[in-house]
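The residues making up each chain are set out below.
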Number of protein chains: 2
Amino acid sequence: MKRTKRERQTALKESINDNPFVTDEELSAEFNVSVQTIRLDRMELSIPELRERIKHVAVKTFEDEVKSLPIDEVIGEIIDIELDEKAISIFDVKQEHVFQRNQIARGHHLFAQANSLAVAIMNEELALTVKSELQFLRPVKAGQRIVAKATVIDRQPEKNRAFVKVVSTVDQVTVFIGTFEMYRMTEQSEGEVG
Amino acid sequence: MKRTKRERQTALKESINDNPFVTDEELSAEFNVSVQTIRLDRMELSIPELRERIKHVAVKTFEDEVKSLPIDEVIGEIIDIELDEKAISIFDVKQEHVFQRNQIARGHHLFAQANSLAVAIMNEELALTVKSELQFLRPVKAGQRIVAKATVIDRQPEKNRAFVKVVSTVDQVTVFIGTFEMYRMTEQSEGEVG
DNA sequence: CCCGCTATTAGCACTTGGTACTAATATCAG
DNA sequence: CTGATATTAGTACCAAGTGCTAATAGCGGG
């Protein structure tokens, strides 16, 4: 028997949080109080009923799925692009992109934004990265917005190559520089690199 | 009025597919048939009821969320590690990691595996990537397993630096090489890089 | 010991979005 | 016109609730 109402409600919140699929009846068994008590608790804590909770979770996935379709191809949001010339994308750093320990964005997200912008700028449906050099100049933290600017600095059409430089900034301060050697993939040569 | 039963059922399947949250009543309005007809249709097509559909979607997210928590820190699975010396991780390339057009793994996943292994090998709770040079030697396709081997090739403790080389292979063939200059972050210097 | 208060429990009617089943009616083809 | 298939209607029932009222338990103070 747990004691106070407050204790139970705290535990209840936690319990529902790490299993939103639990019913009032199951909870009443867990805390051995009546179902009505659980209901009252939910009211006070304004926790919605099972179905609403589930729906909430489901809607979230659904939106994520829909959202992730376009995102899948380019990391960050392209806000300006001139094919074969230059392009700009923005990327908002959220909790899921940082190390929990120090809130610093993990390198591969900066890389992903820059690299996918380099792919997008190529005036070619199929482009691959062959080489790249990266400099992580300053740590980026959750909540900051990274603006990546890509420029094509060299073209070697005979070799199916192009060189792209990407500079990423946060509040006008450069945080990352990357140069990418890109390979334009023609249909005949598909799958053959390097 | 749509005509045949078959046509309606095809449309019904599609309708539910791109909005699993629709009720029988709404569907009956959409196809102007009775609710019972919709129910019969669902039976024949063995489409579960609204709540079951929603629950299904919700459970999926839930599992994804739980799964993504450990993955969050290291991309790929570390199978061997000697701190400050060497480490090995494997990463299975799935559909979500490749360009749909050509089934080739996107560069940032190879980078992410290598980079997070470089972070992990550092015998330090807090490590950041300062610079890196990457070579994408061969395209990797969905279904392949990438084995990344990281080695610390140089240490500069006085400068809080270490150099890590990562070689990634698929079936013993090298597909990616990356060198990473890593910064060991001490508590005093936290947040200050470069 | 009783008063008052909060907490808990009980009970009932009602809601949504169904299942399961039966029966009636349409619709069309031979 | 008869049969088969399709559609609609209607009923009872379920889960997991809401919303409401009422009874009871436990305890603290005077």
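Residues numbered from 1 in each chain as written. Chains lettered and ligands numbered in written order. Predicted model: local features only at pLDDT ≥ 70, side-chain atom pairs only at ≥ 80, totals over all residues. Heavy atoms only, no water.

As annotated in an unreviewed UniProt entry, chain A carries the name Transcription factor FapR and is attributed to Planomicrobium okeanokoites. Among the UniProt annotations of chain A, the heading Function (unreviewed entry) holds the following wording: "Transcriptional factor involved in regulation of membrane lipid biosynthesis by repressing genes involved in fatty acid and phospholipid metabolism." Its UniProt record, at the heading Sequence similarities (unreviewed entry), says of chain A: "Belongs to the FapR family." (UniProt positions renumbered as here; feature names shortened; annotations may be inferred.)

Draft legend 1. Representation of the overall build of chain A. Helix and strand content of chain A: five helices and six strands. Listing the helices and strands of chain A from first to last along the sequence gives α-α-α-α-β-β-α-β-β-β-β. Residues counted as buried form 44% of the 194 residues belonging to chain A. About 10700 Å² of surface is accessible on chain A, with carbon and sulfur atoms providing 49% of the total. (Helix = DSSP H or I, 4+ residues; strand = E, 2+ residues; numbered from the N terminus. Buried < 20%, exposed > 50% of the residue type's maximum accessible area, 1.4 Å probe, protein only. Areas by Shrake-Rupley, 256 points an atom, 1.4 Å probe, with all protein chains shown as cover.)

Draft legend 2. Geometry of the nonpolar core. Formed by 76 residues in total, the largest nonpolar core has its most connected members in Val164 and Phe180 of chain A together with Val164 of chain B. Phe180 of chain A has contacts with Phe111, Ala114, Asn115, Ala118, Thr129, Lys131, Ser132, Leu134, Ala162, Phe163, Val164 and Val166 of chain A, leaving out every residue within four places of it along the chain. (Core = buried A, V, L, I, M, F, W, Y, C linked by side-chain atoms within 4.5 Å. Contact = heavy atoms within 4.5 Å.)

Draft legend 3. A look at the relation of the copies chain A and chain B. Mapping chain A onto chain B calls for a rotation angle of 180° and an axial translation of 0.1 Å; the resulting RMSD is 1.0 Å. Overall, the copies show the geometry of a two-fold rotation axis. Comparing interface residues between copies, 98% of those in chain A also sit at the interface in chain B, which points to an isologous, same-surface contact. (Least-squares fit on C-alpha atoms with pLDDT ≥ 70 in both.)

Draft legend 4. Expanded view of the interface of chain A and chain B. With 51 residues of chain A at the contact, the number on the chain B side is 50 residues. Our count for the contact surface shared by chain A and chain B stands at zero salt bridges. Joining chain A to chain B, the criterion identifies four residue pairs in polar contact (both at pLDDT 80 or more). For the side of chain A that touches chain B, the secondary-structure elements that each account for two or more residues are α4 (50–73), α5 (107–121) and β3 (127–136) of chain A. Here the element with the most residues in the side of chain A that touches chain B is α4 of chain A; it accounts for twelve residues. Along the lines of polarity and charge, the residues of the side of chain A that touches chain B split into 24 nonpolar, 13 polar and 14 charged. Pairing between β3 of chain A and strand β3 (residues 127–136) of chain B: five bridges, direction antiparallel. Bridged to Ser132 of chain A within β3 of chain B is Leu134 of chain B. (Salt bridge = Lys/Arg side-chain N within 4 Å of Asp/Glu carboxyl O. Polar contact = N/O pair within 3.5 Å; in protein donor to acceptor, adjacent residues only side chain to side chain. Nonpolar A, V, L, I, M, F, W, Y, C, P; charged D, E, K, R; others polar. Pairing = 2+ DSSP bridges.)

Draft legend 5. Quick peek at the protein's contact with DNA strand C. Lining the immediate surroundings of DNA strand C are 14 residues, of which Arg8, Ser34 and Thr37 of chain A together with Leu50 and Arg51 of chain B lie closest. Put simply, 71% of the atoms of DNA strand C that lie within 4 Å of the protein are in sugar or phosphate. One nitrogen or oxygen atom from the side chain of Thr37 of chain A is found 2.4 Å from a phosphate oxygen belonging to DNA strand C. For DNA strand C, a phosphate oxygen lies 3.0 Å from a polar atom in the side chain of Arg42 of chain B. Contributing elements (two or more residues each) for the surface near DNA strand C: α1 (5–18) and α3 (35–44) of chain A together with α3 (35–44) and α4 (50–71) of chain B. Residue contributions to the surface near DNA strand C peak at three residues, all from α3 of chain A. In terms of residue class, the surface near DNA strand C is built from three nonpolar, four polar and seven charged. (Near = heavy atom within 4 Å.)

Draft legend 6. Up close: the protein's contact with DNA strand D. In the vicinity of DNA strand D, 15 residues are found, and the nearest of them are Arg42 and Arg51 of chain A together with Arg8, Ser34 and Thr37 of chain B. Sugar and phosphate atoms form 68% of the subset of DNA strand D atoms that lie within 4 Å of the protein. Take Lys5 of chain B: an N or O atom from its side chain is 3.2 Å from a phosphate oxygen of DNA strand D. Counting only elements with at least two residues in the surface near DNA strand D, the list comes to α3 and α4 of chain A together with α1 (5–18) and α3 of chain B. Broken down by element, the residue count for the surface near DNA strand D peaks at three residues, all from α3 of chain B. Here the residues of the surface near DNA strand D are counted per class, giving three nonpolar, four polar and eight charged.

Draft legend 7. Molecular detail of the pairing of β3 of chain A. Residues and elements named next belong to chain A. Counting buried positions over the ten residues of β3 gives seven, a clear majority of the element. As defined by bridge partners, β3 adjoins strand β6 (residues 173–184) across nine bridges and the pair is classed as antiparallel. In the sheet register, Ala127 faces β6, and the bridge partner there is Arg184.

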